[in-house]
Amino acid sequence: MDFGVIFDRSVFALFADQSLILALAAIGLNVHFGYTGLLNFGQVGFAAMGAYGIASGVTYLELPFGVSLLLGIALAVLLALLLGVPTLRLRADYLAIVTIASSEVIRLTARSAEFREQTGGSSGLGGFAQGFYDLNPFGPGSYGIGPASYDSNRFFLLVVGWTLVVLCSLLVFLLMRSPWGRVLRGIREDEDAVRSLGKNVVGYKMQSLILGGVFGAFSGFAFALANSSVQPDNYGTQFTFLAFAAMILGGAGRVIGPVVGAILFQTLLVLVENVLIEAKGAGYISDAVLSGNDIGAVRFVLVGVVLMALMIFRPQGLFGDKKELALDAR
Amino acid sequence: MPADVTKTGAGAAALAGLEARPGVPKPDPILVADGVVRRFGGLTAVEVDHLEVQRGVITALIGPNGAGKTTFFNLLTGFDKPDEGTWAFEGKDLAGVPAYRVARRGMVRTFQLTKALSKMTVLDNMRLGATGQRGESFFRALVPGVWSGQQRGIDERARDLLVRFKLDAKASDFAGSLSGGQRKLLEMARALMVEPTLVMLDEPMAGVNPALTQSLLGHVKDLREQGMTVLFVEHDMDMVRDISDWVVVMAQGRVVAEGPPDVVMADPAVIDAYLGAHHDAPLSAEEEQAQLSAAEAELEGGHA
Amino acid sequence: MLVVPSSTREETALGHRPAVPAPRRALRAVLLGLAAVLLLLTGGAPAAAQAPPPPPAPSAPAAPSADPSAAPDGEEPVEGIAGTLANAGEPVEGVEIAVEQDGQEVGTATTDEQGRWRVPVPGPGDYTVLLDVETLPEGTDLRDEDASSRDVTVREGQGNAPALFLLGEGRSGGSSRLDRAPQLIVGGLQFGLVLAMGAIGLSLIFGTTGLTNFAHGELITGGAILGYALNVGLGLNLIPATVIAVIVGGVLGALLDRGLWRPLRKRGTSLIAQLVVSIGLSFVLRYLYLIYYEGSARSYAQYSTQSPVDLGPVGVLPRDMVIIAVSLLVLVAVGLGLQRTRFGKATRAVADNPSLAATSGIDVEKVNNIVWAMGTALAVLGGIFLALSQQVGYQLGQNALLLLFAGVTLGGLGTAYGALVGSLVIGLFTQLSTLFIAAELQVVGALVILILILVVRPQGILGSRERVG
């Protein structure tokens with residue numbers, strides 16, 4: 001086994017695009033679930049809005065890149081309104097079903113042949129990212145430290161992306177220590193109590209859904225730009241649950257929770273995957289136990305195990321305060 | 001009861017000499033309900049023909065379990081929607097007004113099962129009660145300068161109330177760490193942050209340590225002294241007798257009697273409907289709920 | 001449209017919670033044990049993989065990507081088009097079939113000795129299937145000489161989209177909406193009944209324990225795979241294999257409840273937290289299936305290829321008749337059992353109000369346990385039936401889960417009859433909607449219905465309005 005390779009790949013993954021995508025999605029989920037208690041299982045729908053916003057915006061509507069970004073955000077807001085107006089009055093588990101169903105509706109519609117012209121059907125869209133990479137001020141070459149080195153375009157994306165993560169986290173920080181955030185936390189605890197104190201609970205839930213949804217769209221931007229393409233099947237339900245696991249790992253209801261959770265979780269996945277690949281290569285694992293093709297699936301088993309174990313044993317996550325955790329495990 | 005008049009103030013004096021019958025008009029009603037009906041499946045939970053609540057006094061709402069007291073509370077405060085009926089607060093129609101607007105108009109309620117926001121501090125619980133906060137709007141929240149001054153005023157008011165309710169030492173503790181009685185106190189104090197004119201208390205004594213009962217009673221009386229109107233649901237007859245100026249009795253969703261405490265409690269119809277039938281230990285909230293759903297299930301089973 | 005806040009339910013559940021929390025260690029041991037059981041359960045599948053594979057296997061899986069969201073589902077086409085060529089009941093071998101999309105050839109196949117053929121396709125979409133008339137044996141002709149090509153729409157996850165070529169003399173099949181409707185109704189009825197198998201378990205578990213079980217789809221998949229292991233792996237005929245699988249499924253369901261859900265309930269884990277645990281469980285199970293059963297969709301050894309029996313306006317496969325009949329029998333039996341037996345009454349009492357049921361002497365945990373056993377057994381049966389028409393694949397149940405939710409919510413959460421009626425409506429709707437919308441959008445249609453129902457009438461069509469406070 002080559003521990004050097006495992007180490008290098010894991011360090012590379014720390015701040016690579018996948019962590020970035022997860023972090024942005026998880027910050028949004030944290031606003032929904034960690035602070036407001038909204039069980040949004042359709043975060044990927046917001047990401048898809050962002051991704052298709054820029055992809056279809058540039059290629060189908062032939063809009064300039066910047067306008068397409070605005071289109072993506074507008075689509076996410078629209079989705080939040082469409083989902084929220086009728087469903088925010090419903091019970092938490094109903095909201096979960098509606099959101100997950102709507103995210104699947106989005107994916108299945110995007111991949112259908114009916115809308116091939118707009119969304120590229122099952123093969124998706126490409127050729128929209130140039131407007132972004134044209135802005136790259138970094139010359140050709142490799143940037144970074146040691147194994148965490150990236151080519152110029154990737155580095156540009158990561159710099160922009162992580163700056164966005166910091167800005168979003170700052171925004172969440174400012175909001176959550178304000179009276180506005182206090183109302184959200186109150187809703188998370190008991191919405192009827194907050195209602196009885198004269199707060200428009202549905203209105204606040206809607207604002208929370210929109211804010212977190214826009215963060216979800218940011219994650220879709222990052223996803224689409226990192227791949228320079230949009231593939232509908234990348235926007236399946238597992239995206240939402242990965243972000244969910246990352247958020248809970250870091251600690252729901254903490255500003256830094258989703259960011260640290262996303263970095264740690266993505267790195268953990270890459271670490272496990274590479275340990276398995278190396279162990280497999282060295283012949284430590286027989287085909288009966290695990291074949292080479294299945295190592296990718298182990299990642300998702302791990303997602304499931306982490307979700308279960310965290311919810312059962314440490315629902316406040318790594319950094320959460322047990323007294324203030326969003327999910328009561330008493 | 002001329003002796004009581006001086007003790008309980010002008011509002012109660014106005015009630016003296018009123019006829020003790022259901023639906024009797026009051027000289028200065030703050031809340032008037034007409035034909036409010038709520039059905040669950042085939043079961044009629046509430047059917048109140050006419051009820052007026054006098055301003056500036058303490059009115060108790062009593063009745064056997066399943067009489068529909070809490071449901072009636074929910075209807076009046078916008079937490080549930082009736083099948084029929086109208087009701088007005090301060091002369092303004094409240095039908096169809098959402099719960100949060102009801103609260104903003106000055107009609108604030110507490111809950112049978114306390115709803116202290118347990119993962120927020122006691123002070124944050126109190127702050128949440130203040131209305132018209134600038135920092136509660138999304139964009140202004142981002143600029144602390146816009147709301148921090150107002151917040152200081154709110155904090156001052158909150159701390160004064162906490163001192164009054166002897167919770168000031170707990171201001172920075174999580175509300176979840178309070179005892180059951182302290183939570184009731186917090187909930188009442190938080191409701192006062194809204195600056196209500198009508199306070200609706202749903203079983204303020206349920207689950208409260210007897211040592212705290214007297215202090216809670218004192219606080220309820222204080223509300224009246226400060227000019228607020230109180231409507232409360234209670235099981236504890238001693239408390240009802242002790243502090244209320246007027247008693248409304250519900251049974252099977254209807255108002256069956258109302259009048260001054262002494263008169264009502266001597267009314268054979270009341271003793272029959274309430275004290276006679278269920279004189280045993282009062283049931284808990286869950287049990288009351290259970291009975292209602294059992295009755296409901298039975299009715300539904302009949303249809304299937 | 002007020003709905004009881006979930007806290008109301010939780011508070012009643014908390015009200016009678018035992019004071020002693022279950023020890024953590026036991027829970028950990030149980031999780032490990034659960035994993036072991038799964039490994040044992042799926043252990044039959046690798047052996048099964050050695051058995052001769054059914055008709056042409058789909059293309060080899062690609063390497064896993066490091067993408068956080070790209071599930072292995074994008075990696076291999078599970079979709080395919082298949083059919084059987086027969087003339088007067090005799091299979092026709094050696095006929096060449098080609099599949100095209102937008103004029104590009106996607107793949108070809110030749111019918112085997114049983115007249116079967118299958119062409120894997122890269123994904124859902126519209127395809128044209130061409131039969132090479134030159135390769136038809138002497139004396140065998142297409143019933144309609146101009147019908148040597150068929151336009152086929154492949155749905156997502158549809159392993160065997162049918163393309164029928166009729167040979168020789170026979171009933172003439174039109175393709176107007178009116179003509180297709182009866183066939184779709186039969187298909188919808190069958191799909192709805194099979195969905196109901198899963199939906200009733202999902203609904204009962206929700207009703208009695210309050211858990212929204214996102215792992216229910218994986219119980220269905222598990223049933224299909226268990227059936228495959230017994231049928232192809234151990235060589236049992238599918239009928240005894242199904243019986244055994246249902247029994248084993250019931251036992252595993254009870255164990256899952258004992259080992260995982262009961263301890264969580266005893267700890268007082270909130271329903272939302274339990275829901276997230278069920279999502280975790282669904283991931284663990286689904287990808288263990290992928291690892292040990294392998295990704296390719298496969299058929300059972302018996303009854304997978306049949307010719308339809310002519311029943312007036314519709315042609316029905318014999319196995320589909322059996323599926324419809326058995327499903328009806330089982331569902332009616334479950335419905336009667338819930339209505340008439342003491343256990344059924346206890347179940348409804350627990351669903352109605354756990355604390356009241358407990359105070360009236362009902363062993364709530366025992367009821368929950370039996371409900372889990374029954375729900376899992378039904379899911380297993382449903383899984384095997386579903387796999388008969390869609391092939392055994394690790395995503396079988398996942399693809400059905402949202403339709404189960406749709407059926408359950410349509411009928412009103414927590415009621416068995418509601419789940420049955422709701423599932424039938426969803427089954428019929430998904431099939432009949434293809435008369436008006438593209439087949440690949442039929443699931444979208446059902447999900448939109450689900451959303452609309454939750455919004456307009458969250459208590460379902462049959463449920464009663466819930467109460468606040």
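Residue numbers restart at each chain and count upward from 1, following the sequence in its written direction. Chains and ligands are labelled by the order in which they are written, letters from A for the one and numbers from 1 for the other. Only residues with pLDDT of at least 70 get local features here, since the model is predicted, and only at 80 or more are side-chain atom pairs given and counted; chain-wide, interface and lining totals rely on the full set of residues. Side-chain measures here rest on the full set of heavy atoms in the structure, leaving out hydrogens and waters.

Caption draft 1: The arrangement of the overall build of chain C in detail. Under the scheme used here, helices are H or I runs from DSSP no shorter than 4 residues and strands are E runs no shorter than 2 residues, and both carry numbers assigned from the N terminus. The secondary structure content of chain C amounts to 13 helices and 11 strands. Buried, partly exposed and exposed residues are distinguished by accessible area as a fraction of the type maximum, computed with a 1.4 Å probe on protein chains only: under 20%, between the cut-offs, and over 50%, respectively. Looking at chain C as a whole, 55% of its 469 residues are labelled buried. For this analysis, residues touch if any pair of their heavy atoms sits within 4.5 Å. Sequence separation of at least 24 residues holds for 74% of the intrachain contacts in chain C that already meet a minimum separation of 6. Each accessible area value is a Shrake-Rupley result obtained with a 1.4 Å probe; residue values ignore everything except the protein chains displayed when judging cover. Accessible surface for chain C amounts to roughly 18,600 Å². Of this, 61% is attributable to carbon and sulfur atoms.

Caption draft 2: Representation of the overall build of chain A within the structure. Looking only at helices and strands, one finds 14 helices and four strands in chain A. The buried share of chain A, reckoned over its 330 residues, is 65%. Considering only contacts in chain A between residues 6 or more positions apart, those separated by 24 or more positions represent 73%. Element-wise, carbon and sulfur atoms account for 65% of the exposed surface of chain A, whose accessible area totals about 10,700 Å².

Caption draft 3: Focus on the packing of aromatic side chains. Residue and element names in this part refer to chain A. Working definition: rings of Phe, Tyr and Trp (its six-membered ring) pair if their centres are within 6.5 Å, and the pair is stacked with planes under 30 degrees apart, edge-to-face with planes over 60 apart, and tilted otherwise. Here the structure, examined in full by the defined rule, presents 31 aromatic pairs over all chains. On the basis of an interplanar angle of 40° and a centroid distance of 4.8 Å, the ring pair of Phe12 and Tyr150 is categorised as tilted. Of the two residues, Phe12 is situated in helix 1 (residues 3–14) and Tyr150 in strand 3 (residues 148–151); the sequence distance between them amounts to 138 residues. With a relative accessible area of 34%, Phe12 lands in the partly exposed category.

Caption draft 4: Up close: the sheet that holds strand 6 (residues 116–120) of chain C. Two strands are said to pair when DSSP picks up at least two bridges between them. An order of 6-1-9 (chain C) is seen for the three strands of this open sheet, with the pairing classed as mixed. Every interior strand has two partners, whereas the edge strands, strand 6 and strand 9 (161–162) of chain C, have only one.

Caption draft 5: Inspection of unusual backbone geometry at higher detail. At A:Glu62, a residue that is not glycine, the phi angle is positive and equals roughly 55°. In this structure, A:Glu62 sits in the loop between helix 3 (43–59) and helix 4 (65–87). A relative accessible area of 66% places A:Glu62 in the exposed class. Here C:Gln391, not a glycine, exhibits a phi torsion of approximately 75°, which is positive. Relative to the helices and strands, C:Gln391 is located in the loop between helix 10 (364–390) and helix 11 (396–411). Of the residues examined, C:Gln391 reaches a relative accessible area of 7% and is grouped as buried.

Caption draft 6: Region of interest: the pairing of strand 3 (residues 58–62) of chain B. Residues and elements named next belong to chain B. Burial analysis of strand 3 places five of its five residues in the buried class, which makes it a mostly covered element. Here strand 3 shows a buried face lined by Ile58, Ala60 and Ile62 and a second buried face lined by Thr59 and Leu61. Here strand 3 pairs with strand 8 (residues 229–233) via four bridges, running parallel. Pairing of Leu61 across the sheet is with Val233, part of strand 8. Here strand 3 runs beside strand 9 (residues 246–251); their pairing, made up of four bridges, is parallel. Bridged to Ile62 within strand 9 is Val249.

Caption draft 7: Focus on the nonpolar core. Note on terminology: a nonpolar core comprises buried Ala, Val, Leu, Ile, Met, Phe, Trp, Tyr and Cys residues joined through side-chain atoms within 4.5 Å. In this structure, A:Phe41 and A:Phe265 are the most contacted members of the largest nonpolar core, which totals 221 residues. Tallying contributions element by element places helix 6 (residues 271–293) of chain C first for this core, with 17 residues. Setting aside chain neighbours within four positions, we find A:Phe265 in contact with A:Leu22, A:Leu242, A:Ala245, A:Ala246, A:Leu249, A:Val303 and A:Val306. Counting residues in each nonpolar core, the second largest holds 44 residues, with B:Ala60, B:Phe165, B:Met188 and B:Met193 among its members.

Caption draft 8: Structural view of helix 2 (residues 69–76) of chain B. Residues and elements named next belong to chain B. Taken across its eight residues, helix 2 has eight buried, putting it largely inside the fold. Within the sequence span of helix 2, burial applies to Lys69, Thr70, Thr71, Phe72, Phe73, Asn74, Leu75 and Leu76. Following helix 2 by one or two positions, Gly78 adopts a phi angle in the positive range, close to 85°.

Caption draft 9: Layout of the pattern of salt bridges. Here, a salt bridge means any Lys or Arg side-chain nitrogen found within 4 Å of an Asp or Glu carboxyl oxygen. According to the stated counting rule, one finds 33 salt bridges over all chains in the structure shown. A salt bridge links B:Asp124 to A:Arg185; its shortest N-O distance comes to 3.6 Å. In this pair, B:Asp124 is assigned in helix 4 (residues 122–129) and A:Arg185 in helix 9 (residues 179–189), connecting two distinct chains. Classification of A:Arg185 as buried rests on a relative accessible area of 13%. Residues B:Asp28 and B:Arg55 are paired through a salt bridge, measuring 3.1 Å at the closest nitrogen-oxygen approach. Highlighted residues: B:Asp28 in the loop between helix 1 (2–15) and strand 1 (29–40) and B:Arg55 in the loop between strand 2 (43–54) and strand 3, separated in sequence by 27 residues.

Caption draft 10: Here's a closer look at the environment of B:Val247. Residue and element names in this part refer to chain B. Within the element layout of this structure, Val247 appears in strand 9. Judged by relative accessible area, which is 0%, Val247 ranks as buried. Once the C-alpha coordinates of Val247 and Leu61 are considered, the two residues, 186 residues apart in sequence, prove to be 6.1 Å apart. Those residues in contact with Val247, other than ones at most four positions away along the chain, are Ala60, Ile62, Val240, Ala257, Glu258, Gly259, Pro261 and Val264.

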